[in-house]
Amino acid sequence: MSNINQSSGWRKATAGLAVAEQHAQAGERSTVPKSQAFVAVKRVGAHIGLKAGDMLLLDTLGAFTQAQDWEEGQRPIVWASNAYLMEHTGFSLSTLKRHARRLAEIGVIAFRDSPNGKRWGHRDADGRIIEAYGFDLSPLSARVDEFEELHAELQAERELCQRLKRQITVARRMIRARIDAALNGALRGPWTQLTGLFEDLLGRLPRRNTPSGELARLLEWFRELQERVEAAYLKAVRADEVVENTPETSEQVLQRTQEMDPREVIFEPHILTTTQLNPVTRNRSETEQAAGVVPNAPPEERVDKELEDWVPETRKKRGAALDLPTVMQACPEFASWARNLGGYLKDWGDLHRVVGQLRPMIGVSEHAWNLAQDRLGPQIATAALVLTFDKHCSGEVASPGGYLRGMVEKAGAGELHLERSFYGRLSGQAA
C-alpha cells in the first residue's frame, strides 16, 4: 500500500493532521484487532475530547472495515460517500465534516486524500485493500497501548476520588455529630465560630469531576476542623464535669430539686452512667447473684446480662474469645470516638450503649441495627457494628448499612467469623 502513503497536499495542513498521519504510519506496522482498538478509544473518548457525535461517526466508519484491514502492513481505510454517511448518522454535511475534522485533529483517524479529492478504493480476491483513499483508521491501532494505559490511570484516579469522598463524608458526619452534641448538651465553647467554618467547608464540597488533589486538600481541611471541634468538645466536657463534681450547698440542692421536671428527658451524650450492669470482670458469685434478678428485669437489663455472658460463652463454643481490649485495639478509629463519647469502657454493656449512639453517625438505620441484634444477638451485633464503623472511617466500606446486612446474611449461612476479622486487623497493624 505504499502507493497511498503520500498525501497529495491539496488539504490544508495542520499540526494535528500531521500527528494523525504519524500515528497512521505507526499503526500500519502493528496488528491490533478492531474490537480492541474501538474498546480502547471508547473508554477514554470523553477524556481526550471526543463528543457523542464523533463516536457515532467513528462507529459508522469502523463498520466498513474488515478483520484483515487491521493486520500488519494494512490500513483500515473507509471510502464511503458523504451521502451514505449522512444517511446512516443523520448528520448534515457541515456537521459530518466537523466531526470528521475533530476525529483527525484529536488523532484517532487520518485523511488519505486522492489527487482529485475523491474517495475510492479496491480490494483483491481475498478481500485485502490494494488501493484506497478516504478515512484512515490506522491511528487507532497505533494508540491502543496509550489509550489502555490512560484508562488504567483514569480508573485509579476515580477510585482514589471515591475513597477521598467517603473519607470526607465520614469527617463531615463526625463534625456535625460533635457540634450537635455540644449544642444539645449546652456545653460552653466556640460553637458559633466552628459552625461557621463548617458551613464554609460544606460550601466547597465538590459537585462532580473534582480531581483527587483538590479532594485531598478538602479532606485535610475537614480533618483539621474535626481536630479543632474534638479539642473544643473535650475541653467543654472536662469543664462541665468539674462543675458537676463541685459539692453543692443544701440551698443549691433544694433549688435544683424544685426546678427539675420529672416529665422531661435529659440527654447528655458525653456522660454515661453505669449503675446496674455487672462488668465482665465480676467473679462467679457476683454473676450468680445478678442472675437471680435478671428474669424479672426490664429488657435493657436482660440485654446487658447477655453481653456480660458473651466472653465465656464464646470461649466455650470457639475456643478463643474476643475480649474488649482486643476489639478496641483492632479498631482504633472506633476506639477514639467511643472513648471520647463514653469515657472508659469497662465492659460489653458500656460498649453496646456507645455503639448505639455512634450508629447514626455512619448512616446505619435503626431498622438495620435492630435486625442485626435480633439475628446475631446483642453481643455479636455489637462487635459487628464496631467493625463496620471502623472500616467505614478508614474508607474500606462505602455502605455501612449494606456491610452490616452482609454480615447478618453470612451468620445465617454459618459463614461469619468475626474473630478472624479482628485478629486479621491486629496482624495488619503489626505488619
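Here the residue index of a chain counts from 1 through its sequence in written order. The predicted origin of the model limits local features to residues at a pLDDT of at least 70 and limits the giving and counting of side-chain atom pairs to 80 or more, whereas totals for whole chains, interfaces and linings rest on all residues. For side-chain calculations, the full set of non-hydrogen atoms in the structure is used, while hydrogens and water are omitted.

Quick look at the overall build of the chain
Convention followed: Strands here mean DSSP runs of E at least two residues long; helices mean DSSP runs of H or I at least four residues long; both are numbered from the N terminus. In this scheme, a residue with accessible area under 20% of its type's maximum is buried, one over 50% is exposed, and one in between is partly exposed, where area comes from a 1.4 Å probe on protein chains only. Should any heavy atoms of two residues lie within 4.5 Å, those residues are considered in contact.
The helix and strand tally for the chain stands at 20 helices and four strands. Counting over 431 residues, the chain shows a buried share of 43%. Residue pairs in contact within the chain that sit at least 24 positions apart in sequence constitute 74% of those at least 6 positions apart.

Notes on helix α1 (residues 15-28)
The criterion, for reference: In this scheme, a helix's expected span is set at 1.5 Å multiplied by one less than its residue total.
Along its 14 residues, α1 runs 20 Å from first to last C-alpha, staying within 8% of the 20 Å computed at 1.5 Å per residue. Its buried side turned inward, α1 meets α5 (93-106), β2 (110-112), β4 (129-136) and α6 (138-142).

Side note on a negative patch on the surface
Condition: Note on patches: the residues involved have over 30% relative accessible area and no salt bridge, like charges join within 9 Å, and the nonpolar side chains Val, Leu, Ile, Met, Phe, Trp and Tyr join within 5 Å. Using the Shrake-Rupley algorithm and a 1.4 Å probe, accessible areas are obtained, with residue cover drawn only from the displayed protein chains. Here, a salt bridge means any side-chain nitrogen of Lys or Arg that lies within 4 Å of a carboxyl oxygen of Asp or Glu. The charge count treats Lys and Arg as positive and Asp and Glu as negative. His and the chain ends do not count. By convention, the point assigned to a charge is CZ for Arg, NZ for Lys, CD for Glu and CG for Asp.
Residues Asp-145, Glu-148, Glu-149 and Glu-153 make up a contiguous surface patch of negative charge. With respect to the helices, strands and loops of the structure, Glu-148 is situated in helix α7 (residues 144-184).

Observations regarding the packing of α1 against α5
Counted only if it meets this: What counts as an axis is a line fitted to C-alpha atoms, over the stretch in contact for a helix, and the angles between N-to-C directions run from 0 to 180 degrees. Roughly parallel means an angle under 35 degrees; roughly antiparallel means over 145; roughly perpendicular covers 65 to 115; every other angle is labelled oblique.
Running from amino to carboxyl end, α1 crosses α5 at an angle of 65°, the nearest separation of the two axes being 7 Å. Our classification of the angle between α1 and α5 gives roughly perpendicular. When α1 is examined against α5, the residues Gly-16, Leu-17 and Ala-20 are found in contact with a partner set consisting of Arg-101, Ala-104 and Glu-105.

Quick look at the pairing of β4
What counts here: We call two strands paired when DSSP finds no fewer than two bridges between them.
Along β4, six of the eight residues are buried, which leaves the element largely enclosed by surrounding structure. Here strand β1 (residues 77-78) pairs with β4 via two bridges, running antiparallel. Residue pairing across strands places Ile-77 opposite Asp-136, the latter belonging to β4. As judged from the four bridges shared by strand β3 (residues 120-123) and β4, these two strands associate in the antiparallel manner. Directly across from His-122, in β4, lies its bridge partner Glu-131. The antiparallel pairing of β3 with β4 creates a hairpin that spans five residues between the two strands, and Gly-127 there sits at a positive phi of about 85°.

Quick notes on the pattern of salt bridges
Within the structure shown, the criterion is met by 16 salt bridges. Among the salt bridges present, the one from Arg-143 reaches Glu-146, with a minimum N-O distance of 2.8 Å. Between Arg-425 and Glu-396 there is a salt bridge, and its shortest N-O distance comes to 3.1 Å. In this pair, Arg-425 is assigned in helix α20 (residues 418-430) and Glu-396 in the loop between α18 (378-393) and α19 (400-412), connecting sequence segments 29 residues apart. Residue classification places Arg-425 among the buried residues on the basis of a relative accessible area of 16%. Because the salt bridges share partners, they merge into one network encompassing Glu-21, Glu-28, Arg-75, Arg-112 and Asp-136.

Describing the packing of helix α17 (residues 366-376) against α19
Here is the rule we go by: Should the near helix be turned anticlockwise from the far one by less than a right angle, the crossing is left-handed, and should it be turned clockwise, the crossing is right-handed. Three categories are distinguished: nonpolar for Ala, Val, Leu, Ile, Met, Phe, Trp, Tyr, Cys and Pro, charged for Asp, Glu, Lys and Arg, and polar for the others, with Gly belonging to the last.
Where α17 meets α19, the closest approach of the two axes is 10 Å, and the angle between their N-to-C directions is 20°. Judged by the angle between their axes, α17 and α19 are roughly parallel. Like other packed secondary-structure pairs, α17 and α19 cross with a definite hand, here left-handed. Contacts from Ala-368, Trp-369, Ala-372, Arg-375 and Leu-376 of α17 reach α19 at Leu-404, Arg-405, Met-407, Val-408 and Ala-411. When grouped by side-chain class, the residues that make up the contact of α17 with α19 number eight nonpolar, no polar and two charged.

A closer look at the nonpolar core
Let me state the cut-off plainly: We define a nonpolar core as any set of buried Ala, Val, Leu, Ile, Met, Phe, Trp, Tyr and Cys residues linked to one another through side-chain atoms lying within 4.5 Å.
Residues Phe-334, Leu-351, Leu-358, Leu-418 and Phe-422 are the most contacted members of the largest nonpolar core, which totals 42 residues. Those elements that provide at least two residues to this core are α7, α14 (324-330), α15 (332-342), α16 (348-358), α17, α18, α19 and α20. The element that contributes the greatest number of residues to this core is α18, accounting for nine residues. Every residue in contact with Phe-334, bar those within four places of it in the chain, is listed here: Met-328, Leu-351, Val-355, Leu-358, Val-386, Phe-389 and Asp-390.

Here's the deal with the packing of aromatic side chains
Rules: Stacked, tilted and edge-to-face are the three classes assigned to paired rings of Phe, Tyr and Trp, where Trp is represented by its six-membered ring and a pair needs centres within 6.5 Å; plane angles under 30 degrees give stacked, over 60 edge-to-face, the rest tilted. Over a ring means this: the NZ of a Lys or the CZ of an Arg is within 6 Å of the ring centre and within 35 degrees of the ring normal.
Tallied over the entire structure, the rule returns six aromatic pairs. Centre to centre, the rings of Phe-38 and Trp-70 are 6.1 Å apart; their planes meet at 70°, and the pair counts as edge-to-face. Of this pair, Phe-38 sits in helix α2 (residues 34-48) while Trp-70 sits in the loop between α3 (52-62) and β1, and the two are 32 residues apart along the sequence. Of the two residues examined, Phe-38 and Trp-70, each falls in the buried class. Arranged with centres 6.4 Å apart and planes meeting at 85°, the rings of Phe-198 and Phe-222 form a pair that is edge-to-face. Note that Phe-198 is positioned in helix α8 (residues 191-203) and Phe-222 in helix α9 (residues 212-244), a separation of 24 residues in sequence. On the accessibility criterion, Phe-198 (1% relative accessible area) is buried. A cation over a ring is seen here: Arg-178 above Tyr-233, with NZ or CZ 4.1 Å from the ring centre.

Examining the environment of Gly-406
You can see Gly-406 is positioned in helix α19. The class of Gly-406 is partly exposed, set by a relative accessible area of 26%. In this structure, the C-alpha to C-alpha distance between Gly-406 and Leu-416, residues 10 residues apart in sequence, is 9.5 Å.

Considering the environment of Ala-216
Within the element layout of this structure, Ala-216 appears in helix α9. For Ala-216, a relative accessible area of 34% translates into the label partly exposed.

Quick notes on α17
The line we're drawing: Think of it as the arc spanned by the lines of direction from the helix axis to the C-beta atoms.
Taken residue by residue, α17 has Ala-368, Trp-369, Ala-372, Gln-373 and Leu-376 as its buried positions. Taken end-on, α17 shows its buried residues confined to a sector of 135°, consistent with a single buried face. Facing away from the buried surface of α17 by more than 90 degrees, the exposed residues are Glu-366, His-367, Asp-374 and Arg-375. Against α16, α18 and α19 lie the buried residues of α17. Directly beyond the C-terminal end of α17, a positive phi value near 90° is found at Gly-377.

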